[in-house]
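These are the residues of each chain, in order.
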Amino acid sequence: MNREIKLDQSWLNVLADEFEQPYMEELRQFLLNEKEKGTAIFPPGKQIFYALDRTPFDRVKVVILGQDPYHGPGQAHGLCFSVQPGVQPPPSLVNIYKEMETDLGLTPPSHGCLSSWADQGVLLLNSVLTVSAHQAGSHQGRGWETFTDRIIRELESRRENLVFILWGGYARKKGSFINRDRHLVIESPHPSPLSSYRGFFGSRPFSRSNEYLKQTGQELIDWELPAQGIL
């Protein structure tokens, strides 16, 4: 889409033809038009594909699926549910930390940066990769959903024994075609304060993921985050 875009070569090998599709040109034009109008778009351009750049295709072990980026200044950096170091963890992430503490006994860090998960093979993928400042969901229906569906389908068909963590109705619907015989699918309500008490708390996604990785002979995820957030 843009020479400044950073994307790991392993993903380019899988998705190259998708960037040539007409909807991607329409999406690119939409983003350019928004910028020309002076609209701030998050995350910054070089971080739009950060999830794919940070976690190569052949290293993915776990997929956590979000909806769209945080729309406040300085929050989004291309990994779903994650915020940049120095930014207060948002409510959904606070609840994720609470479940992590209950599930694994890990003390939540003071920051909200999840890059260390991404480095271990946790693909932190939003369904929509951009958003306008202060306008939640403003880039839905512009084509990103088609692009991220392709990502999930490639992982589902080309890889085996992945863990897909689907939080909330939106993520469950998007992951509805995943073959449960080839992969582990963990579903629960969203960690948002509006729905977390309906079954997110107590769902044990972290220990269940590692149990499956162990059963399938894979290296476990160290879910404990460093004391200091590092991009």
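About the criteria used
Residues numbered from 1 in each chain as written. Predicted model: local features only at pLDDT ≥ 70, side-chain atom pairs only at ≥ 80, totals over all residues. Heavy atoms only, no water. Phe/Tyr/Trp six-rings, centres within 6.5 Å; stacked < 30°, edge-to-face > 60°. Helix = DSSP H or I, 4+ residues; strand = E, 2+ residues; numbered from the N terminus. Buried < 20%, exposed > 50% of the residue type's maximum accessible area, 1.4 Å probe, protein only. Lys NZ or Arg CZ within 6 Å of the ring centre and 35° of its normal. Core = buried A, V, L, I, M, F, W, Y, C linked by side-chain atoms within 4.5 Å. Contact = heavy atoms within 4.5 Å. Expected span 1.5 Å × (residues − 1). Arc of directions from axis to C-beta. Axes fitted to C-alpha atoms, helices over the stretch in contact; angles between N-to-C directions. Parallel < 35°, antiparallel > 145°, perpendicular 65-115°, else oblique. Left-handed = near helix turned anticlockwise from the far one by under 90°. Pairing = 2+ DSSP bridges.

Peer 1: How do you make sense of the packing of aromatic side chains when you look at a structure like this?
Peer 2: Remark: the centre distance and the inter-plane angle together describe each pair of aromatic rings, the angle taken between the planes. Following the criterion strictly, the structure yields 13 aromatic pairs and no others. Measuring from ring centre to ring centre gives 5.8 Å for Phe-19 and Phe-49, while their planes differ by 65°; the resulting arrangement is edge-to-face. Placement of Phe-19 in the loop between helix 1 (9-15) and helix 2 (22-36) and of Phe-49 in the loop between strand 1 (41-42) and helix 3 (50-54) is noted, with a sequence separation of 30 residues between them. In this structure Phe-49 comes out as buried when scored by relative accessible area, which is 1%. Measuring from centroid to centroid gives 5.7 Å for Phe-49 and Phe-147, while their planes differ by 75°, and the two rings are edge-to-face. Pair noted here: Phe-49 is in the loop between strand 1 and helix 3 and Phe-147 is in helix 6 (residues 144-158), with a separation of 98 residues, a long-range link. In textbook terms, an aromatic cluster arises when at least three aromatic residues are bridged by ring pairs, as seen for Phe-81, Trp-167, Tyr-197, Phe-200 and Phe-201. One cation-aromatic arrangement involves Arg-153 over Phe-177; the distance from NZ or CZ to the ring centre is 3.8 Å.

Peer 1: Where do I start with the nonpolar core in this structure?
Peer 2: Most often, soluble globular proteins keep nonpolar side chains buried together rather than apart. By size, the foremost hydrophobic cluster in this structure holds 67 residues, and its most contacted members are Trp-11, Ile-64, Trp-117, Leu-123, Phe-147, Leu-155 and Trp-223. Every residue in contact with Ile-64, bar those within four places of it in the chain, is listed here: Cys-80, Phe-81, Trp-117, Val-122, Leu-123, Leu-124, Leu-125, Ile-165, Trp-167 and Trp-223.

Peer 1: Looking at this structure, I do not really get the side chain of Gln-84. What am I missing?
Peer 2: The residue Gln-84 is located in the loop between strand 2 (62-66) and helix 4 (91-104) in this model. If near-sequence neighbours (up to four positions away) are discounted, Gln-84 is found in contact with Gly-74, Gln-75, Ala-76, His-77 and Leu-231.

Peer 1: What's the story with helix 2 in this structure? I'm lost.
Peer 2: Residues that lie three or four places apart on an α-helix share one face, since the helix turns once every 3.6 residues. Here helix 2 is 15 residues long and its end C-alpha atoms lie 21 Å apart, about the 21 Å a rise of 1.5 Å per residue gives. Inspection of helix 2 places Tyr-23, Met-24, Leu-27, Phe-30, Leu-31 and Glu-34 among the buried residues, and these make up the whole buried set. In a view along the axis of helix 2, the buried residues occupy a sector of 115°, so they form one face of it. Structural note: helix 2 exposes Pro-22, Glu-26 and Glu-36 on the side pointing more than 90 degrees away from its buried face. Count one or two residues on from helix 2 and you reach Gly-38, which has phi positive near 90°.

Peer 1: Would you take a moment to explain the packing of helix 2 against helix 6 for this structure?
Peer 2: A pair of packed helices is characterised by two quantities: the angle between their axes and the separation of those axes. The geometry of helix 2 relative to helix 6 is characterised by a closest axis approach of 9 Å and an angle of 130° between their N-to-C directions. Between helix 2 and helix 6, the crossing angle belongs to the class labelled oblique. Helix 2 and helix 6 meet at a crossing whose hand is left-handed. Here Tyr-23, Met-24, Leu-27 and Leu-31 of helix 2 lie close against helix 6, whose contacting residues are Trp-144, Thr-146 and Phe-147.

Peer 1: Would you mind showing me how to read the sheet that holds strand 3 (residues 122-126) here?
Peer 2: Each strand in a sheet pairs with its neighbour through backbone hydrogen bonds, running either in the same direction (parallel) or in the opposite one (antiparallel). Read from one edge to the other, the open sheet built from four strands follows the order 3-2-5-6, with strand pairing classed as parallel. Of all strands in the sheet, those with a lone pairing partner are strand 3 and strand 6 (184-188), marking the two edges. Between one strand and the next, the sheet's axes are offset by a mean angle of 15°, whatever the strand orientation. Across four bridges, strand 2 lies against strand 5 (residues 163-167) in parallel orientation. Bridge pairing in strand 5 links Leu-65 to Leu-166. Along the sheet, helix 6 contacts strand 2, strand 3 and strand 5; its crossing angle with strand 3, the most-contacted strand, is approximately 155°.

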